[in-house]
Amino acid sequence: MKRRKDDFDVIAELPGLKRYALVLTRDAAEAEDLLQETLLKAYEGRRGWQPDRALRPWLFSIMHNAHASRLRGRRAEDARIAQATQFAPESGAPSQDARVQLAQVQRALLTLPEEQREALLLVAVEEFRYQEAATILGIPLGTLMSRLGRARAALRETVGSGAGDAAGTDGPTPPRLRLVE
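What you are looking at is a predicted structure, and each value in this text was computed from that prediction instead of being measured.

(A) A look at the overall build of the protein chain. Helix and strand counts for the protein chain stand at seven helices and zero strands. The helix and strand sequence of the protein chain, counted from the amino end, reads α-α-α-α-α-α-α. When the 181 residues of the protein chain are sorted by exposure, 25% land in the buried category. Considering only contacts within the protein chain whose residues lie at least 6 apart along the sequence, 57% involve residues at least 24 apart. Accessible surface, the protein chain as shown: approximately 13,000 Å² in total, 54% of it carbon and sulfur.

Here is the structure:
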């Protein structure tokens, strides 16, 4: 079947669209994404295309507008990220001692029974009040307090025990775990 000039022949325009997408994006993967977006928009808007209007400029306009829209979106995202980083607290990498201590606390925390871990996490990490944590766990306040006490004692014992902590040794004592009550 021979095609008429007014046919919606997008396939014939693909090589030119690919080249234009590559020029706009300067990246092969981005160009492919832009081409796919252009073809999708052209397909969705095909009823708006008029046969007396040239197809090629219409497709290139769709691509141009899609690319401009992507750039605006990226700029807006960059602005949001820049604004968010202004309010982010500045922090440096933790010292080697802090990393070691954190790893010790993490290992010790994982050795606790589940009910003690849950109680400690809710109160010490998630900062729930005692009554809120008890309600979340569905236990009486006294039971929560007991679990917290046992968890804290176990952590102090595990993290506080180390090479320089034994009686009669003169080595440096490791940092103690301070839990907020």
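(B) Structural detail: the packing of aromatic side chains. Applying the stated criterion to the full structure yields one aromatic pair. Considering the side-chain rings of Y20 and F60, the 5.2 Å spacing of their centres and the 35° angle between planes classify their relative orientation as tilted. Taken as a pair, Y20 in helix 1 (residues 14-25) and F60 in helix 3 (residues 55-87) lie far apart in primary sequence, 40 residues in all. With a relative accessible area of 25%, Y20 lands in the partly exposed category. Sitting over the ring of Y43, R46 keeps its end group 3.9 Å from the ring centre.

(C) Focus on the packing of helix 1 against helix 3. Between helix 1 and helix 3, whose axes approach to 11 Å, the crossing angle comes to 25°. Relative to helix 3, the element helix 1 lies roughly parallel. Helix 3 is crossed by helix 1, and the crossing has right-handed handedness. On helix 3, the residues that touch G16, L17, Y20, A21, L24 and T25 of helix 1 are L59, F60, M63, H64 and H67. Counted by class, the contact of helix 1 with helix 3 contains seven nonpolar, four polar and no charged residues.

(D) Examining the pattern of salt bridges more closely. Counted by the stated rule, this structure contains seven salt bridges. Among the ionic pairs, E30 bridges to R74, the shortest N-O distance being 2.5 Å. Here E30 is found in helix 2 (residues 28-44), whereas its partner R74 is found in helix 3, with 44 residues between them in sequence. E30 gets classed as partly exposed once you look at its relative accessible area, which sits at 26%.

What counts, and at which threshold
- Residues numbered from 1 in each chain as written.
- Predicted model: local features only at pLDDT ≥ 70, side-chain atom pairs only at ≥ 80, totals over all residues.
- Heavy atoms only, no water.
- Helix = DSSP H or I, 4+ residues; strand = E, 2+ residues; numbered from the N terminus.
- Buried < 20%, exposed > 50% of the residue type's maximum accessible area, 1.4 Å probe, protein only.
- Contact = heavy atoms within 4.5 Å.
- Areas by Shrake-Rupley, 256 points an atom, 1.4 Å probe, with all protein chains shown as cover.
- Phe/Tyr/Trp six-rings, centres within 6.5 Å; stacked < 30°, edge-to-face > 60°.
- Lys NZ or Arg CZ within 6 Å of the ring centre and 35° of its normal.
- Axes fitted to C-alpha atoms, helices over the stretch in contact; angles between N-to-C directions.
- Parallel < 35°, antiparallel > 145°, perpendicular 65-115°, else oblique.
- Left-handed = near helix turned anticlockwise from the far one by under 90°.
- Nonpolar A, V, L, I, M, F, W, Y, C, P; charged D, E, K, R; others polar.
- Salt bridge = Lys/Arg side-chain N within 4 Å of Asp/Glu carboxyl O.

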